[in-house]
Amino acid sequence: MSTLLLATATEMEAGPLREELEDETPLQLPYGSGSRGNFEGLDLTLLHHGVGKVNTAAGLALAVDRLDPSGIIQFGIGGGHVGAFLSVGRVAIASCEIHTDTGARTASGWEDMESLGLPLLERERPWYNKFPTDPRLTAAASEATGQPPVAFGTSETVTGTFDESRSLHDRFDVSVESMEGAAAAQVCLALNVPFAEIRGISNIVGERARHAWNIPGAVRAANAALIQALRFLAREGSLC
């Protein structure tokens, strides 16, 4: 039976899920750390690849080559953009992922990769900053949690002002900020692996006052939503 790969940047982000796994055993992976276990009859592999795009791309690409998973779900915490109406503690499902920091900043404004004529991936067509999630896997996560999919954006420079958050929301129509998701979506599209993403909202993007963040609550929300999605997939008898 093919495994479903569940990826996080850090081990902490998968804590509640690991409490639900049966027969969990450590797994030697080429990049990052991981384990394998069962849940509701599903064969699951956990991968903790590290923070940021490079760690994500390396960890996922090597894990796909080693494991040939039936699908990948990335989960963890993220920030809610100003104007997205996502309060701390809520959960969000990605409809797509966008590289919001890949392009050029000029005197006349910001230019994306399409404006520069430089695709990040060419696979049947050129792909620039925006990468899709898998419709079937995303629909399963959405139906299981009752959350409509929204656009996610990835930046390795964490947004630190409300003005910049509003600017990113207006420019890309993104609701959630992460540091890994666009890299994951790009790798999965390149390798033809179905991809979905679930994140709990730990903070409002632009608000750098850490006392206002709720990382434990966001972790619980993301894991609860993922567990709901896994139960849905187990009942349906199909991962993707």
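See the structure printed just above.
Residues numbered from 1 in each chain as written. Predicted model: local features only at pLDDT ≥ 70, side-chain atom pairs only at ≥ 80, totals over all residues. Heavy atoms only, no water.

Points about the packing of aromatic side chains
What characterises a pair of aromatic rings is the spacing of the ring centres plus the angle enclosed by the ring planes. Evaluated as defined, the whole model comprises two aromatic pairs. Ring centres 5.4 Å apart and planes at 80° place the aromatic pair W110 and F172 in the edge-to-face group. Of this pair, W110 sits in strand 8 (residues 109–111) while F172 sits in helix 5 (residues 162–172), and the two are 62 residues apart along the sequence. Judged on exposure class, the residue W110 and its partner F172 are both buried. Ring geometry for W127 against F131: centres 6.1 Å apart, planes inclined by 20°, an arrangement best described as stacked. There is no split in this pair, since W127 and F131 are both buried. Here the basic side chain of R125 rests over the ring of W127, its NZ or CZ set 3.7 Å away from the ring centre. (Phe/Tyr/Trp six-rings, centres within 6.5 Å; stacked < 30°, edge-to-face > 60°. Helix = DSSP H or I, 4+ residues; strand = E, 2+ residues; numbered from the N terminus. Buried < 20%, exposed > 50% of the residue type's maximum accessible area, 1.4 Å probe, protein only. Lys NZ or Arg CZ within 6 Å of the ring centre and 35° of its normal.)

Notes on the packing of helix 4 (residues 135–145) against helix 7 (residues 215–236)
Following both chains from N to C, one finds helix 4 and helix 7 inclined at 110°, their axes separated by 8 Å at the closest point. The orientation of helix 4 with respect to helix 7, classified from their angle, is roughly perpendicular. Handedness of the helix 4/helix 7 crossing: right-handed. From helix 4, L137, A140, A141, E143, A144 and T145 reach across to helix 7, where they touch A225, Q228, A229, F232 and L233. Of the residues assigned to the contact of helix 4 with helix 7, the class counts are eight nonpolar, two polar and one charged. (Axes fitted to C-alpha atoms, helices over the stretch in contact; angles between N-to-C directions. Parallel < 35°, antiparallel > 145°, perpendicular 65-115°, else oblique. Left-handed = near helix turned anticlockwise from the far one by under 90°. Contact = heavy atoms within 4.5 Å. Nonpolar A, V, L, I, M, F, W, Y, C, P; charged D, E, K, R; others polar.)

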